[in-house]
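Read off the chains here:
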Amino acid sequence: MSRTRDNVVPHAKVRSLREAIRKVKFAEVERTDVVIELQESERARLELLCEELTDVFKEVPEDDDQFSFQIVPGNIPRLWIDITSHVAMGRDKRVYRFVKDTRLGRTVILETADLEDMADCITEYIAERVLERERTVEGDWLSKRLREAPREDQVAVTSGAGAEAAPVPHVRGLWAPFAAFAIGLLVGVVGLIGYAWFANPI
């Protein structure tokens, strides 16, 4: 006679590794779909910002290559303004975050959900960078001119009015010391003759 143990609880269902793998894969797919959807949402918002700045990007001088103005995809899509600054979406995926990398670390220039406020901030930033580059170019040009200036002055001294500052000695000027010496010698001789004349009269 068989007896059923009272302390054994029958399983409601048999565990299956295959079923567990299927559930894990399904969850991963769902997470991937969510991530892709969020990335697409972030990229769409960055594209709206690009459209708002289209005219500004066109006004940047063609020879100014310090700006990038492109959206780079990735886990966190970014709109790069230049090599050190970009715009990305915040954690809630609705707030624009304009950051800049410096030697002291990353600095948040502006964080806002307002598209126009962010566009205005980026426009001002671009204007400051353009003016900064113009000052640098002008400063380099001025430094070059200052380095070349002594050479031009030297040429002017050897071939122009500078020659008056260093006149060529005249022959009369060379004879002046000898004339003075001769006059002094003559005066001395005359003095000696006069002294001898009065000291020993004939």
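Quick caveat: nothing in here was measured; it's all calculated off a predicted structure.

Student: Explain the pairing of strand β2 (residues 78–82) here, please?
Tutor: A regular strand places its side chains on the two faces of the sheet in alternate fashion. Inspection of the sheet shows strand β1 (residues 67–72) paired to β2 by four bridges, in the antiparallel sense. Bridge pairing links F67 to D82 in β2. Hairpin connection, β1 to β2: the antiparallel pair is bridged by five residues, and G74 has positive phi, about 160°. Examined bridge by bridge, β2 and strand β3 (residues 85–89) share three bridges and lie antiparallel to one another. Directly across from D82, in β3, lies its bridge partner S85. In sequence, β2 turns back onto β3 through a hairpin of two residues.

Student: So what exactly am I meant to see when it comes to a negative patch on the surface here?
Tutor: A contiguous patch of negative charge, built from E51, E52, D114, E116, D117, D120, E124 and E128, is present on the exposed surface. When contributions to the negative patch are tallied by element, the ones reaching two or more residues are α1 (17–52) and α3 (115–159). Mapped onto the elements, E116 comes out in helix α3. Owing to a relative accessible area of 51%, E116 belongs among the exposed residues under this scheme.

Student: Looking at this structure, how should I read unusual backbone geometry?
Tutor: In most cases, non-glycine residues show a negative phi, while peptide bonds are predominantly trans. For F69, which is not a glycine, the phi torsion comes out positive at approximately 55°. Residue position: F69 is located in strand β1. Of note, K93 is a non-glycine position whose phi angle comes to about 65°, a positive value. Mapped onto the elements of the fold, K93 is located in the loop between β3 and β4 (96–102). A relative accessible area of 23% means that K93 is categorised as partly exposed.

Student: How should the nonpolar core be read in this particular structure?
Tutor: A general tendency of soluble globular proteins is for nonpolar side chains to be buried together. Ranked by internal contacts, the top residues of the largest apolar core, which has 21 residues, are L49, L79, I81, V87, F98, I122 and I126. Broken down by secondary-structure element, the contributors of at least two residues to this core are α1, β1, β2, β3, β4 and α3. A per-element tally of this core places α3 first, with seven residues. Sequence-distant contacts of V87, defined by excluding residues within four places in its chain, comprise L46, L49, P77, R78, L79, Y96, R97, F98 and I122.

Student: For this particular structure, what's the right way to read the pattern of salt bridges?
Tutor: This structure, assessed with the given rule, holds seven salt bridges. In this structure, R129 and D82 form a salt bridge, with 2.7 Å as the shortest nitrogen-oxygen distance. With R129 in helix α3 and D82 in strand β2, the pair connects residues that are 47 residues apart, well separated along the chain. A single burial state applies to R129 and to D82, both of which are buried. For R97, the salt bridge identified is with E111, shortest N-O distance 3.6 Å. A residue pair is termed long-range when its members are at least 10 positions apart, and R97 in strand β4 and E111 in strand β5 (residues 105–112) qualify at 14 residues. With a relative accessible area of 32%, R97 lands in the partly exposed category. Look at E111 and you get partly exposed, because its relative accessible area is 46%. When salt bridges with common partners are traced through the structure, they connect D82, R129 and E132 into a single cluster.

Each value, and the rule that gives it
- Residues numbered from 1 in each chain as written.
- Predicted model: local features only at pLDDT ≥ 70, side-chain atom pairs only at ≥ 80, totals over all residues.
- Heavy atoms only, no water.
- Pairing = 2+ DSSP bridges.
- Helix = DSSP H or I, 4+ residues; strand = E, 2+ residues; numbered from the N terminus.
- Patch = residues over 30% accessible without salt bridge, like charges linked within 9 Å, V, L, I, M, F, W, Y side chains within 5 Å.
- Areas by Shrake-Rupley, 256 points an atom, 1.4 Å probe, with all protein chains shown as cover.
- Salt bridge = Lys/Arg side-chain N within 4 Å of Asp/Glu carboxyl O.
- Lys, Arg positive; Asp, Glu negative; His and termini not counted.
- Charge placed at Lys NZ, Arg CZ, Asp CG, Glu CD.
- Buried < 20%, exposed > 50% of the residue type's maximum accessible area, 1.4 Å probe, protein only.
- Core = buried A, V, L, I, M, F, W, Y, C linked by side-chain atoms within 4.5 Å.
- Contact = heavy atoms within 4.5 Å.

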